[in-house]
Amino acid sequence: MLTDPDFVPQIYWWNEDSQLLEEVPTDAVGNVASTTVTHFSKYILLDKYDFDASWRLDIKPPGATQTNALDVVLVIDSSGSMEWNDSGNLRLQAANSFVDSLGDGARAAVIDFDDYATLRQGFTDDKALLRNGISHIDNYGGTDLSSGISLAIDQFTASSYSGDAYRCIVFLTDGDGTYNTAYTQKAATNGITVYTIGLGSGVLPVVLNSIADGTGGKYYYADTASVLGRIYDEIAFETIDYTTDSNHDGISDYYTRLLCDGDLTAGTRVSPFRDVRLTPDQLYDAIQEDDDYDRDGLRNGDELYVATKELPGNGILVYFKMNADPLQLDTDGDGLHDGQHREHNGEKILPRDPAPLSINGFKGIWDQQWEQDVSGHTAHTIDGGRLVGNLATQGGQKFCNVYPDSRSQALHSVVDTWQRKVGYNALFDMGLKGFNLGNSNDGQFDFTYTDQNGETESYNLWMWRAGYGAFGPGTEMGLYTNPTLEHWDAVDFDLPMTLSLYEIVEDRENNNTVGNHIENMFSWAPTADQWWITGFVWYREATLPVKSMITLGSIDFSEKPGLFAAFKKKAQGNKDWENYLIFDDDDIQHPVLWIVWYGDE
């Protein structure tokens, strides 16, 4: 491939912020292309010529200068050659459709030309008058391109013309008649954009291209009159309106059409709708029917938005950036839906995905939690007083006030227990780690809250995963406050909490690790509110490494919304915390904190 003289090797890196493939210095020797990387990223080798040529650089950028008003002159060839190039007068039908698409604030004029030009209708917003003017266009005479362009320009430069509308000319011809290039400069000087259409094999594309390029317009070629309707439709999107959003989905009709045609793409030059088995017109109609194409709770414009990048030479690259996949309920496949929470029998089970492009927690854990809850495997009550396991376990139960849940999945602490009076400190952790030979770790999320009286208190969400001796592998989560010399008191209130523990299981082939999956050890959603929630799997070996455990929990702060807000504010911008915490406040009356905690820290 690199030895192909037509292949221009270029290495690109994936910029996650801009969502563009960006060039890096590339050396190519023989069959090897290389670069010196300065950071970890995704890299790809492409043909620079093909990649650069694939971009459409004539897409109007967001915020392009325009007004709601439009003044357009339709200049239509009426020479004798139209008798066979357009025997069905399809150009007149296409012009009428263009007139019908004119919106409020738009005016048009109609000119036909052959050996000379004739004004069939001056500027008006009366569509009946415009259609009448178009009906008088015949098929007779020669082709004087200059006469048509000149008379069209005169409509904008006449002393009677006024207004600050967007000015353009749509110029259709099937001939190679005479043309004076001075008219191109005159149109540009007067702020007139000319869109040219060449019909049939007799046109001079060089001339028509030059007129369009010189005025900021575009040239279109129609090999037969049958495609003129589509071309006029395209020009309508280019000229009539860049901003109208008919279905209120956050993406203008102009950009929606470009997306459906595959012209507006991601920074990788890939269309989000590349796998949709619909024609561009069918896809456009389907998207326009609903502001949420994939019915995931997010408007189309919340999932995709138009972005730009300035290019050398003052060019502007227009592309789309993605917040979420407009075809998927769950873009990153982590089990959390992009735009709405997952609920069962009217009860919220899982939160909305706060970051649809990046996996939250450990992949697969949210789907497993969903299955635990909807299948009825989650335990809700303690089987108080029942002793389990060996004598050591039973003795620990009595001392620590922990009892199995009603499904016999794990041991759990009771709410009113002596640990609440004792509180917690780091010295206790040192003892726990020593007891478990280091197979223990803790995580702390501390924040401050200032109440309406101006009093500020410190709070700490303290978490543990460990091998707890006779209690087996387990996890804990508690709320603490009022630190004194590194000692924390338990809070004096209870909130709805849930807690689940998962094990990461290695998948092996021929004694080699080829991947892993997760298995649920217990799911606990007690009906009683908690200040400290625990779970210990007494029938498993306590030697299970903490790095193989994942804690998944939640705290409903409906009764303490101020604490939730303070906690969320502290977490914002903290990358370490964002890996573990989801602040679900879609329902501001019932804010819930979700925690998915794993790894060695």
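Placed above this text is the structure.
How each quantity is defined
- Residues numbered from 1 in each chain as written.
- Predicted model: local features only at pLDDT ≥ 70, side-chain atom pairs only at ≥ 80, totals over all residues.
- Heavy atoms only, no water.
- Helix = DSSP H or I, 4+ residues; strand = E, 2+ residues; numbered from the N terminus.
- Polar contact = N/O pair within 3.5 Å; in protein donor to acceptor, adjacent residues only side chain to side chain.
- Contact = heavy atoms within 4.5 Å.
- Axes fitted to C-alpha atoms, helices over the stretch in contact; angles between N-to-C directions.
- Parallel < 35°, antiparallel > 145°, perpendicular 65-115°, else oblique.
- Left-handed = near helix turned anticlockwise from the far one by under 90°.
- 1 Å grid on protein atoms, 1.4 Å probe; cavity = no way out; pocket = protein on both sides within 12 Å on 5 of 7 lines; lining within 4 Å.
- Points joined across faces, edges and corners; volume = space filled by probe spheres on them.
- Nonpolar A, V, L, I, M, F, W, Y, C, P; charged D, E, K, R; others polar.
- Phe/Tyr/Trp six-rings, centres within 6.5 Å; stacked < 30°, edge-to-face > 60°.
- Buried < 20%, exposed > 50% of the residue type's maximum accessible area, 1.4 Å probe, protein only.
- Salt bridge = Lys/Arg side-chain N within 4 Å of Asp/Glu carboxyl O.

### Some thoughts on the side chain of D330
Position of D330 among the secondary structure elements: in the loop between β13 (315-322) and β14 (342-344). At 3.2 Å, the side chain of D330 and the backbone nitrogen of D334 are in polar contact. Of the polar contacts made by the side chain of D330, one reaches the backbone nitrogen of G335; its length is 2.7 Å. Once you skip the residues sitting within four places of it in the chain, D330 turns out to touch G335, L336, H337, D338 and D353.

### Description of the packing of helix α5 (residues 145-157) against helix α6 (residues 182-189)
Their axes nearest at 10 Å, the elements α5 and α6 cross at an angle of 20 degrees. It follows from the interaxial angle that α5 and α6 lie roughly parallel. The two elements α5 and α6 meet at a crossing, and its hand is left-handed. Residue-level contacts link S146, I149, S150, I153 and D154 of α5 to Y183, K186 and A187 of α6.

### Examining empty space enclosed by the protein
The full count for this structure, using the stated rule, is three cavities of 30 Å³ or more. Put simply, the largest cavity is a space of about 60 Å³. Around the largest cavity, the lining residues are D249, I251, T256, L259, F273, I287, Y293, N300, L304 and P326. Looking at the lining of the largest cavity residue by residue, the classes come out as seven nonpolar, two polar and one charged.

### Observations regarding the packing of aromatic side chains
Tallied over the full model, the rule gives 31 aromatic pairs. Measuring from centroid to centroid gives 6.1 Å for W366 and W594, while their planes differ by 70 degrees, and the two rings are edge-to-face. Here W366, found in helix α12 (residues 365-374), pairs with W594, found in strand β28 (residues 592-597); they are 228 residues apart in sequence, far enough to count as distant. For W366, a relative accessible area of 0% corresponds to the buried category.

### Some words on the pattern of salt bridges
Applying the stated criterion across every chain, the model contains 18 salt bridges. A salt bridge links D52 to K48; its shortest N-O distance comes to 2.8 Å. Of this pair, D52 and K48 are both found in helix α1 (residues 48-53), four residues apart, which corresponds to roughly one turn of the helix. You can call D52 partly exposed: its relative accessible area is 35%. Given the relative accessible area of 25%, K48 is considered partly exposed. One salt bridge connects R91 with D86, and the closest N-O pair in it is separated by 2.9 Å. Note on accessibility: R91 and D86 belong to one class, buried. Overlapping salt bridges, with partners in common, bring together E23, K48 and D52 in one network.

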